Amino acid sequence: MLIDRFGRKIDYLRVSITDRCNFRCLYCYSIKKWKKLKHEDILRFEEILKVVKVGSELGIRRVRITGGEPLLRKNVEYFIKELKKISGIEDIGLTTNGYFLLEKAEALREAGLLRINISLDTLKKEKFERLTGVDGWERVWKGIQKALKLGFSPVKINAVIVRGFNDDEVVDLAKLTLDYPVEVRFIEFMPIGENSFWNEENVFLASEIKKRLEEVFPLEPAEKVGGGPARVFKWGRGIGKIGIISPISESFCEKCNRLRLTADGRLRPCLFSDFEINLKAIIRGEAKGSIEDAFFQAVEKKPERLELHPTERFMRAIGG
Ligand code: SAM
Ligand code: SF4
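Cut-offs and rules
Residues numbered from 1 in each chain as written. Chains lettered and ligands numbered in written order. Predicted model: local features only at pLDDT ≥ 70, side-chain atom pairs only at ≥ 80, totals over all residues. Heavy atoms only, no water. Near = heavy atom within 4 Å. Polar contact = N/O pair within 3.5 Å; in protein donor to acceptor, adjacent residues only side chain to side chain. Areas by Shrake-Rupley, 256 points an atom, 1.4 Å probe, with all protein chains shown as cover. Helix = DSSP H or I, 4+ residues; strand = E, 2+ residues; numbered from the N terminus. Nonpolar A, V, L, I, M, F, W, Y, C, P; charged D, E, K, R; others polar. Salt bridge = Lys/Arg side-chain N within 4 Å of Asp/Glu carboxyl O. Buried < 20%, exposed > 50% of the residue type's maximum accessible area, 1.4 Å probe, protein only.

S.K.: I'm lost on the site of ligand 1 in this one. Help?
M.R.: As a matter of local geometry, ligand 1 sits amid 18 residues, with Tyr27, Gly68, Thr96, Ser119 and Met190 nearest to it. One of the side-chain N or O atoms of Ser119 is found 2.6 Å from an oxygen atom in ligand 1. One of the backbone N or O atoms of Met190 is found 2.8 Å from a nitrogen atom in ligand 1. Summarising the interface, the protein chains cover 95% of the accessible area of ligand 1, which totals 550 Å² for the free molecule. Those elements that place two or more of their residues in the shell around ligand 1 are β3 (91–96), β5 (155–161) and β6 (182–188). A class-by-class count of the residues in the shell around ligand 1 yields 7 nonpolar, 9 polar and 2 charged.

S.K.: What am I meant to see in the pattern of salt bridges here?
M.R.: Where charged atoms from two side chains of opposite charge approach closely, those side chains can pair. Considering all chains together, one arrives at 23 salt bridges under this definition. Two residues, Lys104 and Glu77, come together in a salt bridge whose shortest N-O distance is 3.6 Å. Separated by 27 residues along the polypeptide, Lys104 in helix α3 (residues 101–110) and Glu77 in helix α2 (residues 76–85) bring together distant segments of the chain. The partner of Glu276 in a salt bridge is Arg268, with the nearest N and O atoms 2.7 Å apart. By relative accessible area, Glu276 is classed as partly exposed at 21%. Among the charged side chains, a network of salt bridges with common partners joins Lys124, Lys127, Asp168 and Glu169.

Quick look at the structure:
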C-alpha cells in the first residue's frame, strides 16, 4: 500500500497521455514558453500500462486520463480497453475539452469508459472562442449531449471561473443542473505555469461562487461518489449536482490521494511542486531503479500541503 509521511493513502493516478492540445485556453497556456515534447519523449501506451500495472499492485485503484487534450491521441480507446484489463484498477475516468467527443464518444463508451469530465467555462460562443482560440462551442455542447445520450455517468462539466471573464455566468452554468443529470464543477483559477492571465485578483473564490448561487437557490450538501477534492451540493430542484473545487481558498491537501504521471514519463507527487521522478528513463533502461521504487519515492516526497506559486510546467504539460 502507498501511504505517505502524513498518513494519506495514495490510490489515484492521473495520467497525461499527451501534451498536445487543439485549444489555447488563456488560463492554461502561454505561447511564449511552451515547447512541444518530441514524439519519442512521450510515453508509449505500453509503457504507461506497465506503470499502471505496477501501481495497481501497490494500491492504485483509480486512473484518470488527461492531457493536453487526450482525445487528440490516436487509439485512446485501445488504451482504455487495456487499462480495464489491469486487475485492481476499479475506476477509469477521462477529462477532455470535448471538441472531439461527437465522433469519439461511441468508441470510448464501447471501450468501457463510463466517467467523463468535459471542460466548458462559458455558454457564450463568442467568449468561448476568445478563451480557447477555437470556434467550437457548438461542437463541445453537442459532444456533451452525446455523452449523456450514450449513458456516460457521471458526466461532469468543469468550469474555471475567472473574475471579470466568466464570473457573470456562474448561475447560468449552474442552471444546467436543473435540466441535465450533470455535475457542474466550479474550479478556482490556479497559478499553474507562468501564466500572464493569472493574478490574485482574477481568482473568483469559492465563497463568492457559493454566494452567487445561494442568492438564487440554497445549496444543500449532496452525496459524493468517489474521492476527489470537490465539495458536492444539490441546488434548488436540480436533477444534477454542483461541485466546488477550491484549491486557493480552502486547501484540500489533507485529503490528497493522488500522484500524476506526465506525458513525458515523470512521476509527480504534487501539482504544485516541481519535484518529479524520471520514470521514463527507468522504464527505458537509461537510469537505475524500478517502477516500484519510483512510486515509493514519489509518495515519500509528497508535501504536506501545496505552496501556491507558479509552477515551472504548464497544466497541459503536467496533466490537469
Ligand atoms: N484538455 C482537457 C480539458 O481541458 O479538459 C484536459 C486537460 S486540462 C489541463 C484539465 C483541466 O484543468 C480542465 O478542466 C481545465 O479547465 C483545468 N485547468 C487548466 N488550467 C487551469 C488553471 N490555471 N486553473 C484551474 N484549472 C485549470
Ligand atoms: Fe487544452 Fe485543456 Fe489546457 Fe484548454 S485546459 S488549453 S483544452 S489542455
